[in-house]
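Residue-level listing of the chains:
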Amino acid sequence: KHVLKINPSESDLLVSEPVCNLRSLSRSMDEIVFEKYQFQNYARLPAPSMALYYANSALANKGGAGMLSETYSVVVDVGYSFSHVVPFMEEAPINHAIKRVSVGGKLLTNYLKEVISYRAFSMMDETHLINHVKEKVCFTSTDFQVDLVKAKLSK
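Residues numbered from 1 in each chain as written. Predicted model: local features only at pLDDT ≥ 70, side-chain atom pairs only at ≥ 80, totals over all residues. Heavy atoms only, no water.

What follows covers unusual backbone geometry. At Gln 38, a residue that is not glycine, the phi angle is positive and equals roughly 55 degrees. Within the secondary structure layout, Gln 38 lies in the loop between helix H1 (23-36) and strand E2 (41-46). Using a relative accessible area of 49% as the deciding quantity, one classes Gln 38 as partly exposed. At Glu 91, a residue that is not glycine, the phi angle is positive and equals roughly 65 degrees. Examined against the element boundaries, Glu 91 turns out to sit in the loop between strand E4 (83-89) and strand E5 (92-93). Exposure remark for Glu 91: the relative accessible area of 58% places this residue in the exposed category. (Helix = DSSP H or I, 4+ residues; strand = E, 2+ residues; numbered from the N terminus. Buried < 20%, exposed > 50% of the residue type's maximum accessible area, 1.4 Å probe, protein only.)

Right under this line is the structure:
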(Lines give C-alpha, C1' and ligand atoms only; values in the text may rest on other atoms or scores of the structure.)
Protein backbone atom coordinates (compact mmCIF):
# COMPACT_ATOMS: atom_id res chain seq x y z
CA LYS A 1 0.00 0.00 0.00
CA HIS A 2 2.73 2.44 0.97
CA VAL A 3 5.32 1.19 -1.52
CA LEU A 4 3.08 0.95 -4.59
CA LYS A 5 0.98 3.98 -3.61
CA ILE A 6 -2.30 2.33 -4.60
CA ASN A 7 -5.44 1.34 -2.80
CA PRO A 8 -5.55 -2.49 -2.97
CA SER A 9 -9.32 -2.59 -2.51
CA GLU A 10 -9.65 -0.71 -5.82
CA SER A 11 -6.98 -2.72 -7.67
CA ASP A 12 -6.47 -6.11 -9.26
CA LEU A 13 -3.36 -8.24 -8.78
CA LEU A 14 -1.61 -10.71 -11.09
CA VAL A 15 0.85 -13.08 -9.37
CA SER A 16 3.22 -15.62 -10.89
CA GLU A 17 3.76 -18.79 -8.91
CA PRO A 18 6.08 -21.78 -9.25
CA VAL A 19 4.99 -24.51 -11.67
CA CYS A 20 4.21 -27.25 -9.16
CA ASN A 21 3.34 -25.05 -6.20
CA LEU A 22 1.96 -26.74 -3.09
CA ARG A 23 -1.76 -26.20 -2.52
CA SER A 24 -1.11 -25.08 1.07
CA LEU A 25 1.17 -22.29 -0.19
CA SER A 26 -1.42 -21.25 -2.76
CA ARG A 27 -4.12 -21.10 -0.10
CA SER A 28 -1.85 -19.06 2.17
CA MET A 29 -1.24 -16.65 -0.71
CA ASP A 30 -5.00 -16.35 -1.25
CA GLU A 31 -5.54 -15.50 2.42
CA ILE A 32 -2.80 -12.87 2.44
CA VAL A 33 -3.96 -11.22 -0.78
CA PHE A 34 -7.63 -11.00 0.22
CA GLU A 35 -7.57 -10.75 4.01
CA LYS A 36 -4.40 -8.77 4.76
CA TYR A 37 -4.12 -6.57 1.67
CA GLN A 38 -7.79 -6.72 0.62
CA PHE A 39 -7.26 -6.72 -3.14
CA GLN A 40 -10.45 -6.57 -5.18
CA ASN A 41 -9.48 -9.41 -7.59
CA TYR A 42 -6.43 -11.48 -8.20
CA ALA A 43 -5.16 -14.15 -10.57
CA ARG A 44 -2.45 -16.68 -9.75
CA LEU A 45 -0.72 -18.22 -12.79
CA PRO A 46 2.40 -20.32 -13.32
CA ALA A 47 5.20 -18.31 -14.92
CA PRO A 48 5.40 -20.52 -18.05
CA SER A 49 1.72 -19.85 -18.76
CA MET A 50 2.41 -16.12 -18.63
CA ALA A 51 5.45 -16.54 -20.90
CA LEU A 52 3.40 -18.44 -23.48
CA TYR A 53 0.63 -15.82 -23.38
CA TYR A 54 3.20 -13.04 -23.80
CA ALA A 55 4.93 -14.79 -26.72
CA ASN A 56 1.61 -15.37 -28.51
CA SER A 57 0.52 -11.76 -27.91
CA ALA A 58 3.85 -10.29 -29.05
CA LEU A 59 3.84 -12.32 -32.26
CA ALA A 60 0.21 -11.47 -32.98
CA ASN A 61 0.94 -7.74 -32.54
CA LYS A 62 3.85 -7.98 -34.98
CA GLY A 63 1.74 -9.79 -37.55
CA GLY A 64 3.59 -13.05 -36.89
CA ALA A 65 0.52 -15.21 -36.48
CA GLY A 66 1.30 -18.78 -37.36
CA MET A 67 4.88 -18.71 -36.08
CA LEU A 68 3.88 -20.49 -32.87
CA SER A 69 1.79 -23.62 -32.95
CA GLU A 70 -1.70 -22.99 -31.61
CA THR A 71 -1.91 -26.65 -30.60
CA TYR A 72 1.47 -27.54 -29.07
CA SER A 73 4.12 -25.45 -27.33
CA VAL A 74 6.97 -26.00 -24.88
CA VAL A 75 8.21 -23.43 -22.38
CA VAL A 76 11.57 -23.88 -20.65
CA ASP A 77 11.57 -21.86 -17.43
CA VAL A 78 15.15 -21.51 -16.18
CA GLY A 79 15.53 -20.40 -12.59
CA TYR A 80 18.35 -19.95 -10.10
CA SER A 81 18.62 -23.55 -8.86
CA PHE A 82 16.53 -25.54 -11.32
CA SER A 83 14.56 -25.39 -14.54
CA HIS A 84 11.11 -26.58 -15.58
CA VAL A 85 10.20 -27.92 -19.00
CA VAL A 86 6.47 -27.33 -19.42
CA PRO A 87 4.64 -28.72 -22.47
CA PHE A 88 1.34 -27.10 -23.47
CA MET A 89 -1.51 -28.44 -25.54
CA GLU A 90 -4.05 -25.85 -26.69
CA GLU A 91 -2.56 -23.31 -24.25
CA ALA A 92 -3.10 -25.59 -21.21
CA PRO A 93 -0.11 -27.16 -19.42
CA ILE A 94 0.13 -30.96 -19.57
CA ASN A 95 0.70 -31.48 -15.84
CA HIS A 96 1.86 -35.10 -15.95
CA ALA A 97 4.54 -34.22 -18.53
CA ILE A 98 6.13 -31.29 -16.65
CA LYS A 99 9.76 -32.05 -15.84
CA ARG A 100 12.00 -30.41 -13.28
CA VAL A 101 15.71 -30.40 -14.12
CA SER A 102 18.30 -29.56 -11.48
CA VAL A 103 20.11 -27.12 -13.75
CA GLY A 104 19.82 -23.38 -13.28
CA GLY A 105 21.71 -20.13 -13.27
CA LYS A 106 23.70 -21.09 -10.17
CA LEU A 107 25.17 -24.14 -11.95
CA LEU A 108 26.20 -22.00 -14.93
CA THR A 109 27.77 -19.42 -12.62
CA ASN A 110 29.76 -22.04 -10.74
CA TYR A 111 30.91 -23.66 -14.00
CA LEU A 112 32.06 -20.31 -15.40
CA LYS A 113 33.96 -19.60 -12.16
CA GLU A 114 35.77 -22.93 -12.49
CA VAL A 115 36.63 -22.47 -16.18
CA ILE A 116 37.92 -18.92 -15.72
CA SER A 117 39.86 -19.88 -12.58
CA TYR A 118 41.46 -22.81 -14.39
CA ARG A 119 42.57 -20.71 -17.35
CA ALA A 120 43.45 -17.35 -15.80
CA PHE A 121 42.57 -15.73 -12.47
CA SER A 122 41.02 -17.18 -9.34
CA MET A 123 37.34 -16.29 -9.58
CA MET A 124 35.93 -18.75 -7.05
CA ASP A 125 34.98 -15.91 -4.65
CA GLU A 126 33.78 -13.53 -7.38
CA THR A 127 30.18 -14.68 -7.86
CA HIS A 128 28.90 -11.11 -8.32
CA LEU A 129 31.40 -10.49 -11.13
CA ILE A 130 30.45 -13.70 -12.97
CA ASN A 131 26.74 -12.83 -12.60
CA HIS A 132 27.47 -9.41 -14.09
CA VAL A 133 29.21 -11.03 -17.07
CA LYS A 134 26.26 -13.40 -17.59
CA GLU A 135 23.79 -10.50 -17.53
CA LYS A 136 25.81 -8.47 -20.04
CA VAL A 137 26.71 -11.24 -22.50
CA CYS A 138 23.95 -13.89 -22.38
CA PHE A 139 20.56 -13.44 -24.00
CA THR A 140 17.64 -15.46 -25.29
CA SER A 141 17.14 -15.37 -29.01
CA THR A 142 13.66 -14.59 -30.27
CA ASP A 143 14.68 -15.41 -33.84
CA PHE A 144 17.44 -18.03 -33.85
CA GLN A 145 18.15 -17.98 -37.59
CA VAL A 146 18.56 -14.18 -37.72
CA ASP A 147 20.80 -14.15 -34.63
CA LEU A 148 22.90 -16.99 -36.05
CA VAL A 149 23.51 -15.00 -39.25
CA LYS A 150 24.42 -11.90 -37.18
CA ALA A 151 26.89 -13.94 -35.12
CA LYS A 152 28.55 -15.35 -38.25
CA LEU A 153 28.83 -11.88 -39.82
CA SER A 154 30.32 -10.31 -36.69
CA LYS A 155 33.37 -12.63 -36.67
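It is worth spelling out the packing of aromatic side chains at this point. Enumeration according to the criterion identifies 1 aromatic pair in this entry. Pairing Phe 34 with Tyr 42 gives two aromatic rings, centres 5.4 Å apart and planes at 80 degrees, and the pair type is edge-to-face. (Phe/Tyr/Trp six-rings, centres within 6.5 Å; stacked < 30°, edge-to-face > 60°.)

The calculated volume of the second largest pocket comes to roughly 330 Å³. Lining of the second largest pocket is provided by Asp 77, Val 78, Tyr 80, Gly 104, Gly 105, Leu 108, Lys 134, Cys 138, Phe 139 and Thr 140. Of all the elements in the fold, those that place two or more residues in the lining of the second largest pocket are strand E3 (72-78) and helix H3 (105-119). Its residues placed into classes, the lining of the second largest pocket shows 5 nonpolar, 3 polar and 2 charged. (1 Å grid on protein atoms, 1.4 Å probe; cavity = no way out; pocket = protein on both sides within 12 Å on 5 of 7 lines; lining within 4 Å. Points joined across faces, edges and corners; volume = space filled by probe spheres on them. Nonpolar A, V, L, I, M, F, W, Y, C, P; charged D, E, K, R; others polar.)

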